[in-house]
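An overview of the molecular structure
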Amino acid sequence: MRPPVPVPTLSRRAKLVIGVIAVLLVLFTVIGTLTNVYVDFLWFDETGYTEVFWTEIQTRVLLFAVAGVATGGLVALAVYLAYRFRPTFRPMSLEQQNLERYRQSIEPRRTLVLVALAVVLGLFAGFTAQGSWETWLTFRNSTPFGTVDPQFGLDNSFFVFELPFYRLVLGFGFAIAILALIGSLLTHYVFGGLRLQTPGQKLSGAARVQLSVLLGVFVALKAVAYWLDRYSTVYSDRGGVFTGASYTDVNALLPAKTILVFVAAICAIAFFANIVVRNFALPAASLVLLMLSSLVIGVAYPAIVQQFVVRPTPDEKEAAYISRAIDATREAYDISDVDYVQYAQDQTTDTATDADAAAAAAELAGSPTVSNIRLLDPNVLSDTFTALQQIRNVYGFPARLDVDRYTVDGVTQDYVVAARELDQSNLSDNQSSWINRHAVYTHGNGFVAAPANQVVSGANNGGQPNFTTGDLPTTGNIPVEQARIYYGELLNDNGTDVYSVVGSADGEGDREFDRPESGSDEGQVNFTYDGGGGVSIGSFFRQLTFAIYYRERNFILSGAVNDNSRVLYVRDPLDRVEKAAPFLTVDGDPYPAVVDGRVTWILDGYTTSDAFPYAEQMQLGEATTDALTGTGTTALPNETFNYVRNSVKATVDAYTGQVTLYAWDEEDPVLATYMQAFPGVVQPKSEMPDDLVSHVRYPEDLFKLQRDVLTRYHVSDAGDFYNQNDRWQIPDDPTIDGSTAAQPPYYILAQRPGDSGASFQLTSALNAFNRENLSAFISASSDPGDYGQLQVLRLPGNTPYQGPSQVQNAMTSNEAVASNLNILRQGNDVRFGNLLTLPIGDAGLLYVEPVYVQARSNNGFPLLQKVIVNYQGRIGYGDTLAAALDQVFGAGAGASAPDSGTTPDTGGDGSSSSPTTSAPTTTAPPSDGGGDVVVDSATAQAIAQIQQALQDLAAAQASGNFAAVGTAQQALADASAAFQAAQSAATASGAAASPTG
């Protein structure tokens, strides 16, 4: 017999050091965790959403406790029973002698080992379970959908709310059974109940009973899993092109799963019977039967049916199930009620004749679309807003501006809008002390708006936005009573919260920089925040709390922190809404609006699910990504989902930070479920102020999801769907060279075919699948009267209409346009604005694209210089939209364009130049670039001279003839001067008026 192996021990000093380190680690962890929880509580208490905080905490604690106690307790109980009923005498064998040293190590500390095992397993299980707190809440507060699935006849709430919880419980049941089985096996082996290498009996009676019970429980759980697997067929992807139970699933897999339920139940009974029978032959045979059945019935039989029954004629066999998937997917993505319009069906070509142009000109004359064509691109003009409206370096604008509409003097039009926010990245070195960053430069100031269809004219400021609201203090045609921006998009520095400490001590003057003093280049007006937002930190305890939270000693040492101080944190509107409503997915593009005189951030909240039966599953982040995602917007998380509703409209007051949630889709059962779980958190839709309702927009991320789904699910015939005969695709953004990212949707104020007036819409073109030809045009109304109504204009499939990329190529490769762009690029960068697609009554689609020029210098910013118009191959290119329309449709066609009349020339102070009128133009022959472009004769001659000079210059440079290079450069300069003179003459005669409204 081998002597016992001595157990290594630690010295007293080593034990003391390890103990101190362990205590400190635990202490720091506990203090950090409690600090985070307390700071969170203070935020929820400040915003009035403690119901969310306590409900989430209580639910997490409940699930943690239940899962932890169940897992740790039951596994520890199984191990204890295995030890309790260990054999009193063990046969003498080499195997048992080798195990003796382990028994000697465990015996003295068996209670400690058992408790440690229970605690460790309980902690792991608890941490896992508490993350599923929403699953429990939705199960407990489940709201019926009112619709049933076509296979089982169950309300869809069973699949969305109940089945996920049953799966969660079943998963923990399997985990407990497996852990208990492993623990029991190890205990029986160490203490002699299980003897693998010892001759004779391998199991003691107690071990046989316990292992039989645990195996029986495991197999019984497997029977339950087979039963639930029947319902999971509604998520099957066996059909390939659709989601949901297929022919094979319904006719082969469902019967197989039902049979396996009974086989597994018999197998479980056999294991339980082994307690009495005392023979593993019966349960072993039943287990083999279960395994063979699962392979033959559950795998082989469905595969045979799929291969030999379905595959020969899949479109016929799957027709009924495809129809289920189409209906369910449309319901899940809220596209069941789309207005499909057969558009331009009488056109047999996409090249307009003179008669077509004349008919379109007649439509233009009475259409409000033309007068509202948006020339300002919010995705281009951030630098322009910064250059002209930044005022001081501490302010800034987001990389992507927003579009909203306002009614001024009875006229509704869209504006490009932005809040002038605090941007700490612009602070200079001497402005970057802790006091300046967190107690002096605390907020932005001002709301800036420019009509989307206007720019100013003039030699010095031509092409600039016509700021009708701006400056400091904020003035203009949109009244703003409270313009200070304490909460905004720029107050989140790459995921790091930008906090501010506000509030002056009694008797102390104002400390916060508010705005420059009027009429002074150096003076400033200071301010002390009195909005009521933020958390009071007047007590030493709270100052210490935030010092620990932010790891910043100035909360305790700085004189800027006093009895009246408040700390403002979680200041990004998106972060605030996500924190106040963790059950929502928030749209990535909050936008500012003036509501009842206050700057208010408006956000869209989505309720989502990944468990809607028969609906196609998608990746949220991928489906909402386009060419502009991440540029001034926040990308949505890439989570799997198959149900979405724009259920909530949220607002964040830019001054107080108050978060308000309104139930926008009150028929959404997912929202109703969460409203039961969090009573009072979401206000009814009727509580929304009318002024707020007038500014709601159809959200971009939802629209991008829906247009993606519509590329496939606009098809109703099951056979056509299966064969993908009429599939569409989202076009690439044509305005960015080499881009393969999706073209973003655009907000426009336009008249839809069949409507009596203009409406504020979100729009997008759709191409044919794997082709650049246009197939459809989709729009979603943002007007309160028909909010969310989707309209799809379906173009005739037998006519190859040009899609956005083809239109862009035709416009930019046109000889006259390309020549002028080459001139504009000399010392400048040319940036193309959004390529807008506009239906003109029943006359077809009009494409409009603004062209911006930005000087290549540190102070350069984009200015609108040209407008390109394309109508079925006829191209217009001019300084103004009116001139470009006249070129395409004939003189006077641009009379209703926003730049055909009075032109503001002072940068938005209300004054304007004299009205101008359009002059006759002549039509040049079609160029090789595609389409007709109309220019006057002097301009055409200058363009030809420029082209010849460029060719001569290239040839001279290639030959190395420096004299010829000088001559060509002089010729190019003369030709450019002639071109500018021709343009000036055309402007003076009214042939090219400056864009305005």
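Remember, predicted model here, so these are calculated numbers, not experimental data. (Residues numbered from 1 in each chain as written. Predicted model: local features only at pLDDT ≥ 70, side-chain atom pairs only at ≥ 80, totals over all residues. Heavy atoms only, no water.)

**A short note on the overall build of the protein chain**
Inclusion rule: Only DSSP runs of H or I reaching four residues or more are called helices, and only runs of E reaching two or more are called strands; each is numbered from the N terminus. Partly exposed describes any residue whose relative accessible area lies between the buried limit of under 20% and the exposed limit of over 50%, with all areas from a 1.4 Å probe on protein chains only and scaled to the type maximum. Pairs of residues are marked as contacts when any of their non-hydrogen atoms sit within 4.5 Å. Shrake-Rupley sampling with a 1.4 Å probe provides the accessible areas, and residues are treated as covered by the protein chains on show and by no other component.
Secondary structure summary: the protein chain contains 28 helices and 34 strands in total. Taking all 997 residues of the protein chain together, 54% fall into the buried category. By sequence separation, contacts in the protein chain at least 24 residues apart represent 69% of the contacts at least 6 residues apart. Only carbon and sulfur atoms are counted for the fraction: they give 56% of the accessible area of the protein chain, which is about 42,100 Å².

**Looking at the sheet that holds strand E17 (residues 566-568)**
How we decide: Only when DSSP finds a minimum of two bridges between them are two strands counted as paired.
Strand order in the open sheet made by the 3 strands is E13-E17-E16, with antiparallel pairing throughout. The sheet is open, and its two edges are formed by strand E13 (500-502) and strand E16 (535-536), each paired on a single side. Two elements, E13 and E17, share 3 bridges in a ladder whose sense is antiparallel. From the neighbouring strand, serine 500 faces E17, where its bridge partner is leucine 568.

**Some points on the packing of aromatic side chains**
This is how the line gets drawn: Two aromatic rings, drawn from Phe, Tyr or Trp (for Trp, its six-membered ring), form a pair once their centres lie within 6.5 Å of each other, and the interplanar angle then sorts them: stacked below 30 degrees, edge-to-face above 60, tilted otherwise.
Per the stated rule, a full pass over the model turns up 52 aromatic pairs. Summarising the aromatic geometry, the rings of phenylalanine 152 and phenylalanine 159 are spaced 6.4 Å apart at their centres and angled 40° between planes, so their arrangement reads as tilted. Measuring from ring centre to ring centre gives 5.7 Å for tyrosine 333 and phenylalanine 641, while their planes differ by 75°; the resulting arrangement is edge-to-face. Linking tyrosine 333 in the loop between helix H11 (319-332) and strand E1 (339-342) with phenylalanine 641 in strand E22 (residues 640-641), this pair joins segments that are 308 residues apart in sequence. Each member of the pair, tyrosine 333 as well as phenylalanine 641, carries the same accessibility label: buried. One aromatic cluster in this structure is built from Trp136, Phe139, Phe152, Phe158, Phe159, Phe165, Tyr166, Trp227 and Tyr231.

**Considering the environment of alanine 319**
Mapped onto the elements of the fold, alanine 319 is located in helix H11. On the basis of relative accessibility, which here comes to 25%, the residue alanine 319 falls in the partly exposed class. Considered as a pair, alanine 319 and glycine 719 are 400 residues apart in the sequence and their alpha carbons are 6.5 Å apart.

**Some words on the pairing of strand E20 (residues 598-609)**
In terms of residue burial, E20 counts as a mostly covered element, since 10 of its 12 residues are buried. Where strand E18 (residues 585-586) lies against E20, 2 bridges are found, and the strand directions are antiparallel. Each bridged residue has a counterpart across the sheet, and for threonine 585 the counterpart in E20 is tyrosine 606. Between strand E19 (residues 591-595) and E20, which pair antiparallel in sequence order, lie 2 residues; one of them, aspartate 596, sits at a positive phi of approximately 50°. Here E20 runs beside strand E23 (residues 643-653); their pairing, made up of 9 bridges, is antiparallel. Looking at the pairing, threonine 600 lines up with aspartate 653 of E23.

**Re the nonpolar core**
To be explicit about the condition: Only buried residues count toward a nonpolar core, which is a set of Ala, Val, Leu, Ile, Met, Phe, Trp, Tyr and Cys residues joined through side-chain atoms within 4.5 Å.
With 143 residues, the main nonpolar core has Tyr406, Phe447, Phe546, Phe555, Tyr569, Leu661 and Phe678 as its most contacted residues. Among the elements that line this core, the one with the most residues is helix H6 (residues 156-190), at 10 residues. Once residues within four sequence positions are removed from consideration, phenylalanine 546 is found in contact with Val39, Leu42, Val535, Ile537, Arg551, Phe555, Val567 and Tyr569. With 42 residues, the next largest nonpolar core counts Ala361, Ile748, Tyr871 and Leu881 among its residues.

**Topic: unusual backbone geometry**
The linkage connecting leucine 472 with the following residue, proline 473, adopts the cis geometry, with an omega of -5°. Tracing the backbone shows proline 473 in the loop between strand E8 (469-470) and strand E9 (475-476). You will see that aspartate 596, though not glycine, has its phi angle at about 50°, which is positive. Along the polypeptide, aspartate 596 turns up in the loop between E19 and E20.

**Concerning a negative patch on the surface**
Rules: Like-charged residues within 9 Å of one another, or nonpolar side chains (Val, Leu, Ile, Met, Phe, Trp, Tyr) within 5 Å, are grouped into patches, provided each residue has over 30% relative accessible area and no salt bridge. Salt bridge, as used here, is a side-chain nitrogen of Lys or Arg placed within 4 Å of a carboxyl oxygen of Asp or Glu. Under the counting rule used here, the positive set is Lys and Arg, the negative set is Asp and Glu, and His together with the chain ends is not counted. The atom standing in for a charge is NZ when the residue is Lys, CZ when it is Arg, CG when it is Asp and CD when it is Glu.
A cluster of like negative charges, contributed by Asp334, Asp337, Asp339, Asp755 and Asp786, occupies part of the molecular surface. Here aspartate 786 is to be found in the loop between strand E28 (774-781) and strand E29 (790-794).

**What to know about a nonpolar patch on the surface**
Taken together, the side chains of Leu16, Val20, Leu24, Leu27, Phe28, Ile31, Phe540, Leu544, Ile548, Ile556 and Leu557 define a hydrophobic patch exposed on the protein surface, amounting to about 1,000 Å² of accessible area. Those elements that provide at least two residues to the nonpolar patch are helix H1 (12-47), helix H16 (540-550) and helix H17 (554-557). With 6 residues, H1 is the largest single contributor of residues to the nonpolar patch. In this fold, isoleucine 31 is placed in helix H1.

**Regarding H16**
Spacing of three or four residues puts side chains on the same side of an α-helix, whose turn is 3.6 residues. Taken together, the buried positions of H16 are occupied by Gln543, Thr545, Phe546, Ala547 and Tyr550. Of the residues one or two after H16, arginine 551 is the one with positive phi, at around 55°.

**Brief notes about the pattern of salt bridges**
Per the counting criterion, the structure on display carries 21 salt bridges. Here glutamate 508 makes a salt bridge to arginine 511, at a shortest N to O gap of 2.8 Å. Its relative accessible area of 14% is what places arginine 511 among the buried residues. Note that arginine 856 and aspartate 829 form a salt bridge whose closest N and O atoms lie 2.9 Å from each other.

**Topic: the confidence of the model for the protein chain**
What counts is decided by this rule: The pLDDT score gives, residue by residue, the confidence of the prediction method on a 0 to 100 scale.
Per-residue confidence for the protein chain gives a mean pLDDT of 85, with 86% of residues at or over 70. Taken element by element, the predicted model of the protein chain shows its lowest mean pLDDT in helix H28 (residues 962-989) (62) and its highest in strand E24 (residues 659-663) (97). Counting contacts from residues 901-934, a segment whose pLDDT is below 50, to residues more than four positions away or on other chains yields 82 contacts. Counting contacts from residues 989-997, a segment whose pLDDT is below 50, to residues more than four positions away or on other chains yields 42 contacts.

**Brief notes about the side chain of asparagine 274**
Along the chain, the position of asparagine 274 falls in helix H8 (residues 247-277). Using a relative accessible area of 1% as the deciding quantity, one classes asparagine 274 as buried. In contact with asparagine 274, other than residues within four places in its own chain, are Arg208, Ser212, Asn279, Phe280 and Pro283.

**Observations regarding the environment of leucine 117**
Note on placement: leucine 117 falls in helix H4 (residues 110-130). On the basis of relative accessible area, leucine 117 is assigned to the partly exposed category, the value being 31%. The contact partners of leucine 117, leaving out residues within four places of it in the chain, are Val75 and Val79.

**Here we look at helix H24 (residues 804-813)**
Filter applied, for reference: Each C-beta atom gives one direction from the helix axis, and the arc is the one those directions make.
Within H24, burial applies to Pro804, Val807, Gln808, Ala810 and Met811. One face of H24 carries all of its buried residues, which in axial projection span an arc of 165°.

**Thoughts on the packing of H24 against helix H25 (residues 815-824)**
Note the cut-off: To get an axis, a line is fitted to the C-alpha atoms, and for a helix only the part in contact is used. The angle between two axes follows their N-to-C directions and goes from 0 to 180 degrees. Oblique is the label for every angle not falling under 35 degrees (roughly parallel), over 145 degrees (roughly antiparallel), or within 65 to 115 degrees (roughly perpendicular). For this scheme, ten residues count as nonpolar: Ala, Val, Leu, Ile, Met, Phe, Trp, Tyr, Cys and Pro. Four count as charged, namely Asp, Glu, Lys and Arg, and the remainder, Gly too, count as polar.
Packing of H24 against H25 brings their axes to within 5 Å, and their N-to-C directions diverge by 70°. Considering their axes alone, H24 and H25 lie roughly perpendicular with respect to each other. Counting all contacts with H24, which are made through Met811, Thr812 and Ser813, the residues of H25 involved are Glu815, Val817 and Ala818. Residues that form the contact of H24 with H25 fall into these classes: 3 nonpolar, 2 polar and 1 charged.

**Considerations on the side chain of aspartate 249**
How we decide: Any pair of N or O atoms that falls within 3.5 Å is considered a polar contact. Within protein, one atom must be able to donate a hydrogen and the other to accept it, and sequence-neighbouring residues count only if both atoms are side-chain atoms.
With respect to the element layout, aspartate 249 can be found in helix H8. Its relative accessible area of 1% is what places aspartate 249 among the buried residues. Only 3.0 Å separates the side chain of aspartate 249 from the side chain of serine 246, close enough to count as a polar contact. Among all residues touching aspartate 249, those that are not within four sequence positions of it are Thr233, Ser236, Arg238, Gly244 and Leu254.

**Some remarks on the environment of leucine 121**
Within the secondary structure, leucine 121 sits in helix H4. Through-space distance from the C-alpha of leucine 121 to that of glycine 73 is 8.9 Å; in sequence the pair is 48 residues apart. When sequence neighbours within four positions are dropped, the list of residues in contact with leucine 121 reads Thr71, Gly72, Val75 and Leu179.

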